[in-house]
Amino acid sequence: MTCFSTRAARAGINADPVHGAVVAPVSLSAAYRRDDPAVPGPFDYARTAHPGRDMLARALADLDGAAGAVVTGSGMAAIDLVLNDLPNGARIVCAHDCYGGARRLFDARARQRGFDLVYADCTDLDALARALEPGAALAFFETPSNPRLRVTDLKAATALAREAGALSAVDNTVLSPALQRPLEHGADITLASITKLINGHSDMVGGVVCVRDGELAERLAWWANAAGTGGAAFDAFLALRGLRTLPVRARVQSETAGVLARRLAAHKAVARVDYPGLTGHPGHEIAARQQDGFGPLLSFELHAGTDAARALARGLTFFTLAQSLGGVESLVSIPALMTHAAMSPQARAEAGVGDGLVRLSAGLEDVEDLWTDLDAALAAL
Ligand code: PLP
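Note on numbering: residues in each chain are counted from 1, in written sequence order. Reporting of local features is limited, given that this is a predicted model, to residues whose pLDDT is at least 70; pairs of side-chain atoms are given and counted only at 80 or more, and all residues count toward the totals for whole chains, interfaces and linings. No hydrogens and no water enter the side-chain calculation; it runs on all heavy atoms of the structure.

For helices the rule is a DSSP run of H or I covering at least 4 residues; for strands it is a run of E covering at least 2, with both sets numbered from the N terminus onward. For the chain, the helix and strand inventory stands at 13 helices and twelve strands. Its C-alpha atoms give the chain a radius of gyration of 21 Å, within 12% of the compact-globule value 21 Å for 381 residues. With the principal axes as the frame, the chain shows a C-alpha extent of 70 × 50 × 35 Å. Looking at the chain residue by residue over its 381 residues, the buried ones come to 55%. It only takes one pair of heavy atoms within 4.5 Å for two residues to be counted as in contact. Intrachain contacts of the chain at a sequence separation of at least 6 include 72% that bridge at least 24 residues. For the chain, the accessible area works out to roughly 15700 Å², and carbon and sulfur atoms hold 53% of it. Note on charges: Lys and Arg go in the positive column, Asp and Glu in the negative column, and His and the chain ends are not counted at all. Charge placement uses NZ in Lys and CZ in Arg. For Asp and Glu, CG and CD serve respectively. The averaged location of the 42 negative side-chain charges in the chain is 2 Å from the averaged location of its 35 positive side-chain charges. To get the radius of gyration, use the C-alpha atoms; to get the globule rule, take the number of residues to the power 0.38 and multiply by 2.2 Å. Exposure classes here rest on a 1.4 Å probe applied to the protein chains alone. A residue is buried below 20% of its type maximum, exposed above 50%, and partly exposed in between. Residue-level accessible areas treat just the shown protein chains as cover; the underlying method is Shrake-Rupley with a 1.4 Å probe.

What follows is the structure, encoded as structure tokens:
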């Protein structure tokens, strides 16, 4: 099969049959003309399908090795789309340290639809096996997790889910298919926020669900049309443009994050660094086995505690204080106050998200400029 980077670079190229444009034009039309009222053309109404979204979905399904993919208006819409296909009362086992917004959605849907929702430490296979009772419908993993970068052994975890009769879904937002393809490790569904590494330029919001089984992919496409959760045309164009450089960005941003993680780990002001690329990280060996790189995200805690962490986040020049990740610009955030603020203090404590945790997303700036910035901010504390 052609290499991943070739497939990413060629995604949607030469796909314009009308003008022969190398890059396919954006079709912004909401409706598509019919010649016969009883016979729709290849496109009919843009909520159901439009050329740009289809092209992006085909490219992402191809890169993840999926039978089909549905592109949604956000990463959260992608997670909700998977829940749409479950019956009320279904048992769901969810990683206890998943993204705070995902946990807020799981809690709300469980209250509304009577899901038997259990949070488990999915990096602990015994705990996962205990949570997965026979008849469970869905196991939802996030690896590496945001923000603690904890690593779940996908092969082992998806095998346990299968034994219990549950589908496995993996939130692959932190790495993207350039660095990890969960379907290759036994997952049934892989999903991601396109907003992050896949698009990589922080100028659109989107999500994708990639599915191993064609029938499930069709059911999810049915739900996306029925509920109107599909992504918009211009966002699909931007995401496809971002996707073409994904392998290069993912590689360089991972290298930069690795250098910053190693230097932070050796710094006297730093109490702990979470980065799966560090040999001392508890998930390092699993990550090295199932990932093609360690990703742009890392977290750390300072000896000096919470106030110092907030001062550090405000004192950086080349890391913008903002809550996203995976873009070409480096970002810093305090998850307890930002991305994970929707979780209760108890849920944050269970997930290991302390008030003084600092999260960095490494971008494409020069690594020495980034380190000089961090080092100076640490010295100023
Ligand atoms: N999953 C993870 C791991 C995330 O970090 C995020 C957003 O930060 C999402 C899902 C939700 O994505 P979106 O913001 O595109 O809805």
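A few words now on the site of the ligand. Any residue with at least one heavy atom within 4 Å of a molecule or strand is counted as near it. Taken together, 13 residues are adjacent to the ligand, and Asn 146, Asp 171, Ser 193, Thr 195 and Lys 196 come closest. In this structure, Met 76 approaches the ligand through a main-chain N or O atom, which is 2.9 Å from an oxygen atom. Under this definition, polar contacts are N or O atom pairs within 3.5 Å; protein pairs additionally need one hydrogen-donor-capable and one acceptor-capable atom, and for neighbouring residues in sequence, both atoms have to be side-chain atoms. The contact in question runs from an oxygen atom of the ligand to an N or O atom on the side chain of Thr 195, over 2.7 Å. Considered on its own, the ligand offers 390 Å² of accessible surface; in the complex 91% of this is hidden by protein.

In this section: helix α7 (residues 214–227). Compared with the 20 Å implied by 1.5 Å per residue over 14 residues, the 20 Å span of α7 between its first and last C-alpha is a close match. At the exit of α7 stands Gly 228, carrying a positive phi of roughly 70°. Take the number of residues in a helix, subtract one, and multiply by 1.5 Å to get its expected span.

Below, the discussion takes up the domain arrangement of the chain. Split by domain assignment, the chain resolves into domain 1 (4–243) and domain 2 (247–379). In this structure, domain 1 and domain 2 have C-alpha centres spaced 25 Å apart. Across the contact, 39 residues belong to domain 1 and 41 residues belong to domain 2. Defined in terms of a 1.4 Å probe, buried area is the accessible area two parts forfeit on being brought together, summed over both. In total, about 3100 Å² of surface goes out of reach between domain 1 and domain 2, with carbon and sulfur atoms giving 59% of it. When a carboxyl oxygen of Asp or Glu is within 4 Å of a side-chain nitrogen of Lys or Arg, the pair counts as a salt bridge. Seen at the junction of domain 1 and domain 2, the total is four salt bridges. The salt bridge involving Arg 148 is made with Asp 274; its shortest N-O contact spans 2.7 Å. An automatic or database domain assignment supplies the start and end points of every domain.

Once that is clear, we can look at the packing of helix α3 (residues 75–84) against α7. Only the stretch in contact is used when a helix axis is fitted, and all axes are lines through C-alpha atoms; the angle between N-to-C directions ranges over 0 to 180 degrees. Contact geometry for α3 and α7: axes closest at 9 Å, N-to-C directions at 115°. Taken as axis vectors, α3 and α7 run roughly perpendicular relative to one another. For α3 against α7, the interelement crossing comes out right-handed. Contacts from Leu 81, Val 82 and Asn 84 of α3 reach α7 at Leu 220, Trp 223 and Ala 224. Classes in brief: Ala, Val, Leu, Ile, Met, Phe, Trp, Tyr, Cys and Pro nonpolar; Asp, Glu, Lys and Arg charged; the others, Gly included, polar. Classifying every residue of the contact of α3 with α7 by side-chain character gives five nonpolar, one polar and no charged. Orientation categories follow fixed angle ranges, with anything under 35 degrees roughly parallel, anything over 145 roughly antiparallel, 65 to 115 roughly perpendicular, and all other angles oblique. Helix crossings fall into two classes, left-handed where the near helix is turned counterclockwise from the far one by less than a right angle and right-handed where it is turned clockwise.

Here the focus is the environment of Arg 104. Structurally, Arg 104 is set in helix α4 (residues 100–113). Considering only alpha carbons, one finds Arg 104 and Ser 344, 240 residues apart in sequence, at a separation of 9.5 Å.

By the secondary structure assignment, Thr 190 is in strand β6 (residues 189–193). Judged by relative accessible area, Thr 190 falls into the buried class, the value being 1%. In this view, Thr 190 contacts Asp 64, Val 170, Asn 172, Pro 182, Leu 183, Val 208, Val 209 and Cys 210; residues no more than four positions away in its chain are not counted.

Once that is clear, we can look at the sheet that holds β6. Taken in spatial order, the seven strands make up an open sheet running β1-β7-β6-β5-β4-β2-β3, and their pairing is mixed. The sheet is open, and its two borders are formed by β1 (68–72) and β3 (116–120), each paired with just one other strand. Within this sheet the neighbouring strands show an average axis-to-axis angle of 20°, counted without direction. For two strands to be treated as a pair, DSSP must find at least two bridges joining them. Pairing between strand β2 (residues 91–95) and β3: five bridges, direction parallel. Bridging from a neighbouring strand, Val 93 pairs with Val 118 of β3. Contacting β1, β2, β4 (138–142), β5 (167–171), β6 and β7 (207–211), α3 runs over the sheet at an angle of about 155° to β6.

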